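Letter by letter, the chains look like this.
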Number of protein chains: 2
Amino acid sequence: MPTSALPADFLRAIAEGFPPDFLTREPAELSEYGRDWTRVYTPAPSAVALPRSTDEVARLLALCHQHQVAVVPSGGRTGLAGGAVAARGEVVLSLQRMARMEPVDLLGNTVRVQAGAVTEAVHHHCAEHGLTWPVDFASKGSSTVGGNIATNAGGVKVIRYGLTRQWVLGLQVVTAEGQVLELNGALEKNNTGTDLRQLFIGSEGTLGVITEATLKLTQLPGRQDVFLFAVPDVAAVLRLFRDARQQTSFLISAYEFFTDRCLARLQRHRKLRSPFEAPSGCYVLLEAEAKDSAAVEAWLGSLFERGLVTDGTQAQGASQAAELWALREGISESLSATGLPHKNDISLPVAGLEAFCGELESLFTARYPGWEICLFGHIGDGNLHVNVMKPDDMEKAAFLARTKEADPTMFELVKKHGGSISAEHGIGLLKKDYLGYSRSPAELELLRALKRTLDPRGILNPGKVIDS
Amino acid sequence: MPTSALPADFLRAIAEGFPPDFLTREPAELSEYGRDWTRVYTPAPSAVALPRSTDEVARLLALCHQHQVAVVPSGGRTGLAGGAVAARGEVVLSLQRMARMEPVDLLGNTVRVQAGAVTEAVHHHCAEHGLTWPVDFASKGSSTVGGNIATNAGGVKVIRYGLTRQWVLGLQVVTAEGQVLELNGALEKNNTGTDLRQLFIGSEGTLGVITEATLKLTQLPGRQDVFLFAVPDVAAVLRLFRDARQQTSFLISAYEFFTDRCLARLQRHRKLRSPFEAPSGCYVLLEAEAKDSAAVEAWLGSLFERGLVTDGTQAQGASQAAELWALREGISESLSATGLPHKNDISLPVAGLEAFCGELESLFTARYPGWEICLFGHIGDGNLHVNVMKPDDMEKAAFLARTKEADPTMFELVKKHGGSISAEHGIGLLKKDYLGYSRSPAELELLRALKRTLDPRGILNPGKVIDS
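Calculation rules
Residues numbered from 1 in each chain as written. Chains lettered and ligands numbered in written order. Predicted model: local features only at pLDDT ≥ 70, side-chain atom pairs only at ≥ 80, totals over all residues. Heavy atoms only, no water. Pairing = 2+ DSSP bridges. Helix = DSSP H or I, 4+ residues; strand = E, 2+ residues; numbered from the N terminus. UniProt positions renumbered as here; feature names shortened; annotations may be inferred. Contact = heavy atoms within 4.5 Å. Salt bridge = Lys/Arg side-chain N within 4 Å of Asp/Glu carboxyl O. Polar contact = N/O pair within 3.5 Å; in protein donor to acceptor, adjacent residues only side chain to side chain. Phe/Tyr/Trp six-rings, centres within 6.5 Å; stacked < 30°, edge-to-face > 60°. Buried < 20%, exposed > 50% of the residue type's maximum accessible area, 1.4 Å probe, protein only. Lys NZ or Arg CZ within 6 Å of the ring centre and 35° of its normal. Arc of directions from axis to C-beta. Disulfide = S-S within 2.5 Å. Least-squares fit on C-alpha atoms with pLDDT ≥ 70 in both.

Caption draft 1: Representation of the sheet that holds strand S3 (residues 71-74) of chain B. All names here are of chain B. Strand order in the open sheet made by the four strands is S1-S2-S4-S3, with mixed pairing throughout. Two strands close off the open sheet at either side, each with one partner strand: strand S1 (23-24) and S3. Where S1 and strand S2 (residues 47-49) come together, two bridges link them in antiparallel fashion. Across the sheet, the residue bridging to Leu 23 is Ala 49, located in S2.

Caption draft 2: Representation of the UniProt feature "domain: FAD-binding PCMH-type" (unreviewed entry) in chain A in the model. The feature "domain: FAD-binding PCMH-type" (unreviewed entry), as given by UniProt, occupies residues 41-220 of chain A in the numbering adopted here. Within the segment residues 41-220 of chain A, helix and strand shares are 21% and 22% respectively, and the terminal C-alpha atoms sit 39 Å apart.

Caption draft 3: Up close: the interface of chain B and chain A. Listed as interface residues are 70 residues of chain B and, on the opposing side, 70 residues of chain A. One can count eight salt bridges joining chain B with chain A. The residue Glu289(A) makes a salt bridge to Lys291(B) at a minimum N-O spacing of 3.9 Å. For the pair chain B and chain A, the number of links is 34 residue pairs in polar contact (both at pLDDT 80 or more).

Caption draft 4: Summary view of the packing of aromatic side chains. A full pass over the atoms with the stated rule returns 28 aromatic pairs over all chains. Here Phe227(A) and Phe229(A) contribute two aromatic rings whose centre-to-centre distance is 6.0 Å and whose plane-to-plane angle is 10 degrees, an arrangement assigned as stacked. For Phe227(A), a relative accessible area of 2% puts it in the buried group. Of the aromatic side chains, those joined through ring pairs into one cluster are Phe227(A), Phe229(A), Phe250(A) and Trp299(A). It is Arg59(B) that lies over the ring of Phe18(B); its NZ or CZ is 4.4 Å from the centre. When the ring centre of Trp167(B) is taken as origin, the NZ or CZ atom of Lys216(B), which lies over that ring, is 5.7 Å away.

Caption draft 5: Expanded view of helix H4 (residues 119-127) of chain B. Residues and elements named next belong to chain B. Residues Thr 119, Val 122, His 123, His 125 and Cys 126 constitute the buried set of H4. Down the axis of H4, the buried set is contained in an arc of 165 degrees. They therefore lie on one face. Buried residues along H4 sit in contact with strand S5 (110-114), strand S6 (131-132), helix H5 (145-150) and strand S9 (209-216).

Caption draft 6: How the structure looks around the environment of Thr164(B). All names here are of chain B. Along the chain, Thr 164 turns up in the loop between helix H6 (158-161) and strand S7 (168-174). For the pair formed by Thr 164 and Trp 299, sequence separation is 135 residues and the distance between their alpha carbons is 32 Å. Setting aside chain neighbours within four positions, we find Thr 164 in contact with Trp 133, Val 135, Asn 148, Ile 149, Asn 152 and Ala 153. Looking at Thr 164, its side chain comes within polar contact range of the main-chain oxygen of Ala 153, at 2.7 Å.

Caption draft 7: A look at the pairing of strand S4 (residues 91-94) of chain A. Residue and element names in this part refer to chain A. Side-chain alternation along S4 places Val 91 and Leu 93 on one buried face and Val 92 and Ser 94 on a second face that is also buried. Judged from the three bridges that link them, strand S2 (residues 47-49) and S4 form a sheet pairing that is parallel. Residue Ala 47 lies in a different strand from S4, and its bridge partner there is Val 91. When strand S3 (residues 71-74) meets S4, the two strands line up parallel, connected through four bridges. By the bridge assignment, Val 71 is partnered in S4 with Val 91.

Caption draft 8: Region of interest: the side chain of His342(B). All names here are of chain B. For His 342, the location among the structural elements is in strand S15 (residues 341-347). For His 342, the side chain forms a polar contact with the side chain of Asp 407, separated by 2.9 Å. His 342 has contacts with Val 386, Asn 387, Val 388, Phe 399, Thr 403 and Asp 407, leaving out every residue within four places of it along the chain.

Caption draft 9: Spatial organisation of the state of the cysteines. Counting across every chain of the model gives zero disulfides over all chains. With no disulfide of its own, Cys374(A) lies 4.6 Å from the sulfur of Cys262(A), the closest cysteine sulfur. Its sulfur unpaired, Cys282(B) is 8.1 Å from the next cysteine sulfur, which belongs to Cys357(B).

Caption draft 10: Region of interest: the relation of the copies chain B and chain A. When chain B is brought onto chain A, the operation consists of a screw motion whose angular component is 180 degrees and whose axial shift is 0.0 Å, with 0.0 Å RMSD remaining. In symmetry terms, the pair is related by a two-fold rotation axis. Here 100% of the interface residues in chain B have copies in chain A that are interface residues too; the copies meet face to matching face.

Set out below in structure tokens:
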């Protein structure tokens, strides 16, 4: 276990070998850089390092390795699992000064950026060439490329483009010992043994620090149509999904769902009007790029005849599209504004979703009467955001204590249906105790062995994901 | 280093614990199962094991680990790098009896298969539901899913669908010690720490034995149009590529190229007629799925006006499409039929292709006069198949000896331009000595460390990819 007080030799070496503003120990900075969006851990780093180059990162890590100083790699700190929290005297290694973006390579459709480049800045940088890096979610204005890669970020466009992993050609990584690895350059194809990039993608900064990446780009998508459908239940959400996916007249860009309980709280909070007259059990937001508009029209007409939807509306223009999206994207905020939600981000095989949702409802009705379950998420990827609301007549402390018991109940069900306890948010600190519901003892042992191999002194983000 | 003669205790344990036909030592079988498509190594395994279940694989590997017996995992043995060759007394572990395919999951668009399932059989199994596993190449009639995954197979459709890695949801892997890992189930999203699947994909059987996989499927593509274009040189091939990729009226399914030298040898061997009157420096085969036929027509017309092509033809119907494809797919055979080719399968960043091809030509003209370089390949992915032809007046032995010197010359150039010495064929035995041109000393050390972590006694495909 690395020490949490910084050794005098280490501090002397930093003072001698780096610029004066390399390290800060300013209390306000420690507090700011020590936390992420979880807001449940008290930030307590010893210092914040702000390198300007890969060389500085490498020299810092070599020193940390030598003096066994714990390091928390830090991007935009928009994570929801505590992966970038520094609560135990670590040194935060912030990549924010390393945000350079090189010119877009228009023949290769790639761009090389430093890890601290903000996701949305990359989008703007590429959009002027008609290109995009299709990693897209709510926190893109603050999140960084390095953090996106270290957490293999998801989002609403995964159904069309896949996860961040698919959009990384090259990685520059600094190891725990301060060695710089240049992995895969700008190559699409490179079958020269085990792909070492993959070790670092999604490892939450526990195996190495990502300093640069060559991103794979794609053409900006064409005009998107946005639809909202009313259907009775989860089974109907999935029937419609299967039908939509078989269509050749359009390409699905997003397939999101939410239940009537989510909509009701959104309406209370945002004072929005439902586009439908009658309430319905579930709602589906479909975003699609049409290839054959006449065929899309015909398909839409057929949905009612075939009983696949009970109601539906298509956005006319960008502002109506934004209104429909607001119904989906306003849910998280509305749940927090109208009560106290306890959140989980899980995934199931698509074929197991219906049974899981049914069993979850029955189980909670029996064991936790009065707990309202609000379900929404990227259901086309099998990804459910499960929000359990505190009953109005229950004390907050009592509720939080009981969620500690309810989580394993739900994770047991997730495990039974072959699901994951973390679809896209990661493990960090928040889900570490539950990792065994998604990983077997043999897998956990292998994860620990990899950690020992790549970070023998355990200085990289110690205590995150697994205890080594 | 594992011993090559099989220990008596090991053979006794096999005889007692497995069916009588589990192990064969029949000379004809040893010869057959000991080789792959490279045909340059003399097969010499000690035995061939033919398990029927994952349990048998696990028990076999536990025994091999215990007795330190070397194992060569074996699929369809269509590899071109010697990865499945058993030339040093190893036990071949053939997965051919494990070829079960479960019913297609039509809600999840997935299928679970055993590793020995033949690639093309999977295609047929899925096609009846309008779905496909888009891993597709010439050897699909013999290659197996396990081999495809272990080598992260490529092919002509990579430009549209990506490599095999993208189409594997779940993996069942048996470790060197005989432990069964079930990785990722059937999940699209599962951010629970380092993705262990990725360790085994593309590792050529050196880290574990793949026994089952849950494959991700996609809709069968729509009608494809096939075009052949004549252009003066590689620069023009790339100009046309950039232009084609910017079009929104079609989706590129294949973008292949070959030079006039390839076409000339194909015409000599196959007695085919070129579709064009005048010869040209390079030819491009474009396969595309139209979204807007009128716009595709307009684009085609503009190619001549804008000087992007000097000639072009579009296949009318399936038989003409097959004729155009034959021009590309007949090259490899035609080179072998009209001379002695020395082959390399390399990749470059797309932006570095033009400079690389020019420098390669100059270098070989100067150093190896009379050696004809025939270039073709998946140029849209930066993948070149470089075939150097023996001059007619040179002895075969002298030529082969000089290629040993010419290869490093070319690999030096590949390295200079940030390329890979193996785009899709892998490293196996054939490219092992050259791995340092694509991997740094730090990477090689990490590859060795992973090997020691996962296979501490070095029994899995020893001597392939790297020496541990």
